[in-house]
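Fold and contact review
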Amino acid sequence: MSNENKTIHEFELNLICDFFSTTKRQGPGSPEVTLKALSFIDNLTDKSLIADIGCGTGGQTMTLAEHVKGKITGLDLFPKFIDIFNDNAEQLNIQDRVKGIVRSMDNLPFQDEELDLIWSEGAIYNIGFGRGLNEWRKFLKTGGYIAVSDVSWFTEKRPAEIDNYCMQQFPEMDTITTKVALIQKAGYIPVATFILPITCWTEHYFAPLSRAQELFLDKYAGNKIAEEFVAFQRYDAEIYHKYKEFYGYVFFIAKKIEQ
Ligand code: SAH
């Protein structure tokens, strides 16, 4: 990448980070869904060690922390998200057991077999579903759990427009059954799989995003990149409304077994 390109790229990343710093979540989901996924997980105590990978500003982490006693480490690539994450933990007065750190998901700072639970909502696609399951497994104790949400196909066939659109953004996007098979092959028992309700997109994602877009366009009035970014997001919402019976977010909960 040339320096000039790098600068443009970094500028865009900063803008995107700035935008998503104003929203509670950076992907579809809801507190109810986080708790539903958590309901499949047993054996957690105040000694449990938990990682939330690609935690963003920690919307789901704070929900988890209010229902689980153990120690939670949130990890994200973007320092600004982690600053907000740590402010949120402080406001809830749980900063002694809930900490955000800047870290890439392909270079986790944990010991082998240290974690009781790996959480990751709407982020595993950054490393790849199969790769994430395989590489993160060693950090889990046998009998420990992984709970990830990931965008998935609901059907074997779908219209070309939605197929092209999603495959461009998520080259490894696949059907639920293929992903469950990957979980099994990677050395886990697939414990539960459920589709996130549409409200996780409409109420908890697109609605706050659309309020944030107005403020963002005011703040960056005349900025082409900001305008394009908002236009892309609006298109993304349109596409979802048009094709939502073909794809959506799915939670996968699995338990590590000896292999
Ligand atoms: N879990 C949050 C955020 C999901 S958005 C939620 O559900 O609201 C995906 C997150 O993954 C973003 O916060 C992004 O910064 C983070 N991310 C992207 N690539 C990453 C990487 N290589 N390592 C760690 N985090 C990454």
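One can find the structure itself at the top, above this paragraph.
Just so it is clear, the structure is predicted and the values come from calculations on it, not from any experiment.

Here we come to the overall build of the protein. Secondary structure summary: the protein contains nine helices and seven strands in total. Taking 18 Å as the expected radius of gyration for a compact globule of 259 residues, we find that the protein reaches 18 Å, a close match to that expectation. For the protein, the C-alpha atoms occupy an extent of roughly 55 × 45 × 40 Å along the three principal directions. A fraction of 78% describes how many contacts in the protein between residues 6 or more apart in sequence connect residues 24 or more apart. Carbon and sulfur atoms provide 52% of the accessible area of the protein, an area that totals close to 12900 Å². Computed over 27 positive and 36 negative side-chain charges, the separation of the two mean positions in the protein equals 4 Å.

Here we come to unusual backbone geometry. Where the residue is not glycine, phi is negative for most of them; where a peptide bond is considered, it is trans in most cases. One non-glycine residue, N43, lies in positive phi territory at about 70 degrees. Relative to the helices and strands, N43 is located in the loop between α2 (31-38) and β1 (49-53). The residue N93 is not glycine, and still its phi comes out positive at about 60 degrees. Tracing the backbone through its elements, the reader meets N93 in the loop between α4 (79-91) and β3 (98-102). N93 gets classed as exposed once you look at its relative accessible area, which sits at 58%.

On to the environment of F129. Looking at where F129 falls in the secondary structure, it is placed in helix α5 (residues 129-137). Assessed through its relative accessible area of 3%, F129 is described here as buried. Taking the C-alpha atoms as reference points, F129 and M173, separated by 44 residues in sequence, lie 8.6 Å from one another. Apart from residues lying up to four places away in sequence, F129 is in contact with I124, V148, D150, E172, K179, L182, I183 and F252.

What follows covers the packing of aromatic side chains. Inspection of the entire model under this criterion finds 24 aromatic pairs. On the basis of an interplanar angle of 85 degrees and a centroid distance of 6.0 Å, the ring pair of W201 and Y247 is categorised as edge-to-face. Of the two residues, W201 is situated in helix α8 (residues 199-219) and Y247 in strand β7 (residues 247-256); the sequence distance between them amounts to 46 residues. Chaining the aromatic ring pairs together yields one cluster made of W153, W201, Y205, F206, Y240, Y247 and Y249. One cation-aromatic arrangement involves K36 over F194; the distance from NZ or CZ to the ring centre is 4.6 Å.

As a further point, take the pairing of β1. Counting buried positions along β1 yields four of five residues, so the element is predominantly enclosed. Where β1 and strand β2 (residues 71-76) come together, five bridges link them in parallel fashion. Bridge pairing links D52 to G74 in β2. Crossover β1 to β2 through helix α3 (residues 59-67) is right-handed. Pairing between β1 and strand β4 (residues 115-121): three bridges, direction parallel.

With that out of the way, let us pick up the sheet that holds strand β5 (residues 140-153). Taken in spatial order, the seven strands line up as β3-β2-β1-β4-β5-β7-β6 in an open sheet, and their pairing is mixed. Two strands in the sheet have a free side with no partner beyond their single neighbour: β3 and β6 (188-195). Sheet twist, expressed as the mean angle between neighbouring strand axes with direction ignored, is 20 degrees. Of the strands in this sheet, β1, β4, β5, β6 and β7 touch α5, which is tilted by about 170 degrees from β5.

Lining the immediate surroundings of the ligand are 18 residues, of which R25, G54, D76, M105 and E121 lie closest. In the environment of the ligand, a nitrogen atom lies 3.4 Å from a nitrogen or oxygen atom belonging to the backbone of L77. Within the complex, the protein chains bury 91% of what would otherwise be the 570 Å² of accessible surface of the ligand. Considering only residue class, the shell around the ligand consists of six nonpolar, eight polar and four charged.

What counts as what
- Residues numbered from 1 in each chain as written.
- Predicted model: local features only at pLDDT ≥ 70, side-chain atom pairs only at ≥ 80, totals over all residues.
- Heavy atoms only, no water.
- Helix = DSSP H or I, 4+ residues; strand = E, 2+ residues; numbered from the N terminus.
- Rg over C-alpha atoms; globule rule 2.2 N^0.38 Å.
- Contact = heavy atoms within 4.5 Å.
- Areas by Shrake-Rupley, 256 points an atom, 1.4 Å probe, with all protein chains shown as cover.
- Lys, Arg positive; Asp, Glu negative; His and termini not counted.
- Charge placed at Lys NZ, Arg CZ, Asp CG, Glu CD.
- Buried < 20%, exposed > 50% of the residue type's maximum accessible area, 1.4 Å probe, protein only.
- Phe/Tyr/Trp six-rings, centres within 6.5 Å; stacked < 30°, edge-to-face > 60°.
- Lys NZ or Arg CZ within 6 Å of the ring centre and 35° of its normal.
- Pairing = 2+ DSSP bridges.
- Right-handed = clockwise from strand over helix to strand, strands pointing away.
- Axes fitted to C-alpha atoms, helices over the stretch in contact; angles between N-to-C directions.
- Near = heavy atom within 4 Å.
- Polar contact = N/O pair within 3.5 Å; in protein donor to acceptor, adjacent residues only side chain to side chain.
- Nonpolar A, V, L, I, M, F, W, Y, C, P; charged D, E, K, R; others polar.

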